[in-house]
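Structure at a glance
Residue strings, one per chain:
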Amino acid sequence: MSVGAEADCRFSLDLNPAVREMRDWVHGFARDVIRPAAPEWDEREETPRPILEQAAKIGLYSLDFFAQQWLEPSGLGIPVAWEELFWGDAGIALSIVGTGLAAVAVSGNGTHEQIAEWLPPMFGDADDVRLGAFCVSEPDAGSDVAAIRTRAVYREATDEWVLNGTKSWVTNGGIANVHVVVASVDPALGSRGQATFIVPPGTPGLTQGQKFRKHGIRASHTAEVVLDDVRVPGRCLVGGKERLDDMNAAVDAARLLTWRAAWMARQRKPFDHAEGSMCKLVAGETAVRVTEQAIQILGGYGYTRDYPVERWHRDAKIFTIFEGTSEIQRMIIGRAATGLDVR
């Protein structure tokens, strides 16, 4: 390895020139625009649309800016930008970055078509500023994602989902152009039976409920979102119906392989085709894959310890390692299939 390559791999928290330039630019906006306006909007307890419009005009409130910072190579783009915005004022900053929650929920698990169709309308442009809202928490389901009661029922005849329930503590709730809603498809499965839906602008049945009057961050709009027979097209299921179906099918396949191996073992039937290794391999790999997809479905919330899916993902990994790694199981299956000493 060359000296230059070693230097590129070293851990460093020194901001690169691009991030420093962005930091100074955002700091200037926070100093000159956000801070002077903060007292007024704190008192008004309203979304500061004139500030959002100014941010949009210079490209600060835009899908392009958010995407550039999320993909910034050092990983420091977002935290540096957010630090400067919140230095200006926490409430106004949350109004600027709140749409990002909905955007991440779609970009992290949506299809390419959904990302292209729905992310731009969450931000709009300098002449038509728009907002997105991510709806997860409920009056009786805050940190306990498994307690979500909002239901989503699929109507095959019309290829649409019908959503009913109430979401609470939603940033931009009710005033957003695009709402992204987590709902239960199969309550018996708890959080494993949940999915995320895009509610397009102007969809009948979605209304703003109680607006919360908060101790702080008062320039950020926080409210309930009421869903009363909200009908959205089938294509608005984030990730597509096939991916939730694929997860269910994978779990069922792993279960059947495991039950077959258990039955064969009890009946003292030989594992001529490495049936034991098959169930170990498929079940372990499936556990890792579907729990990772569950995290993606919840977006940024799935990565926090407020919800159990991140723990399930951490716990799942060991099943591809102990009692014979996945690589060992593949080797055993290969030997059984070919009769060769596969290594």
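Above: the structure in question.
The sections below set out a description of the structure shown in this document. What you see is a predicted model; the values in this text were computed from it and never measured.

1. A short note on the nonpolar core
Ranked by internal contacts, the top residues of the largest apolar core, which has 72 residues, are Tyr61, Leu85, Ile96 and Met122. The dominant element in this core, judged by the number of residues it contributes, is helix α2 (residues 17–44), at 10 residues. For leucine 85, the contacting residues outside a window of four places in its chain are Val26, Ile34, Leu60, Ala93, Ile96 and Val97.

2. Quick look at the packing of α2 against helix α5 (residues 77–88)
At their nearest, the axes of α2 and α5 sit 8 Å apart, and the two run at 20° to each other. Taken together, the axes of α2 and α5 are roughly parallel relative to one another. Viewed along their axes, α2 and α5 form a crossing whose handedness is right-handed. On α5, the residues that touch Val19, Met22, Arg23, Val26, His27, Ala30, Arg31, Ile34 and Arg35 of α2 are Gly77, Val80, Ala81, Glu84, Leu85, Trp87 and Gly88. Per-class residue counts for the contact of α2 with α5 are nine nonpolar, three polar and four charged.

3. Notes on a nonpolar patch on the surface
Side chains of Ile318, Phe319, Ile321 and Phe322 sit close together on the surface and give an oily, nonpolar patch of about 340 Å² of accessible area. With respect to the secondary-structure elements, phenylalanine 319 resides in the loop between α11 (309–316) and α12 (326–338).

4. A few points about the pattern of salt bridges
By the definition in use, this model includes 14 salt bridges. A salt bridge links aspartate 252 to arginine 255, with the nearest nitrogen and oxygen atoms 3.0 Å apart. You can see aspartate 252 and its partner arginine 255 sitting in helix α9 (residues 241–266), three residues apart, about one turn around the helix. We classify arginine 255 as partly exposed; its relative accessible area is 34%. For glutamate 310, the salt bridge identified is with arginine 314, shortest N-O distance 2.8 Å. Linking glutamate 310 with arginine 314, this pair stays in helix α11, spanning four residues, or about one helical turn.

Cut-offs and rules
Residues numbered from 1 in each chain as written. Predicted model: local features only at pLDDT ≥ 70, side-chain atom pairs only at ≥ 80, totals over all residues. Heavy atoms only, no water. Core = buried A, V, L, I, M, F, W, Y, C linked by side-chain atoms within 4.5 Å. Buried < 20%, exposed > 50% of the residue type's maximum accessible area, 1.4 Å probe, protein only. Helix = DSSP H or I, 4+ residues; strand = E, 2+ residues; numbered from the N terminus. Contact = heavy atoms within 4.5 Å. Axes fitted to C-alpha atoms, helices over the stretch in contact; angles between N-to-C directions. Parallel < 35°, antiparallel > 145°, perpendicular 65-115°, else oblique. Left-handed = near helix turned anticlockwise from the far one by under 90°. Nonpolar A, V, L, I, M, F, W, Y, C, P; charged D, E, K, R; others polar. Patch = residues over 30% accessible without salt bridge, like charges linked within 9 Å, V, L, I, M, F, W, Y side chains within 5 Å. Areas by Shrake-Rupley, 256 points an atom, 1.4 Å probe, with all protein chains shown as cover. Salt bridge = Lys/Arg side-chain N within 4 Å of Asp/Glu carboxyl O.

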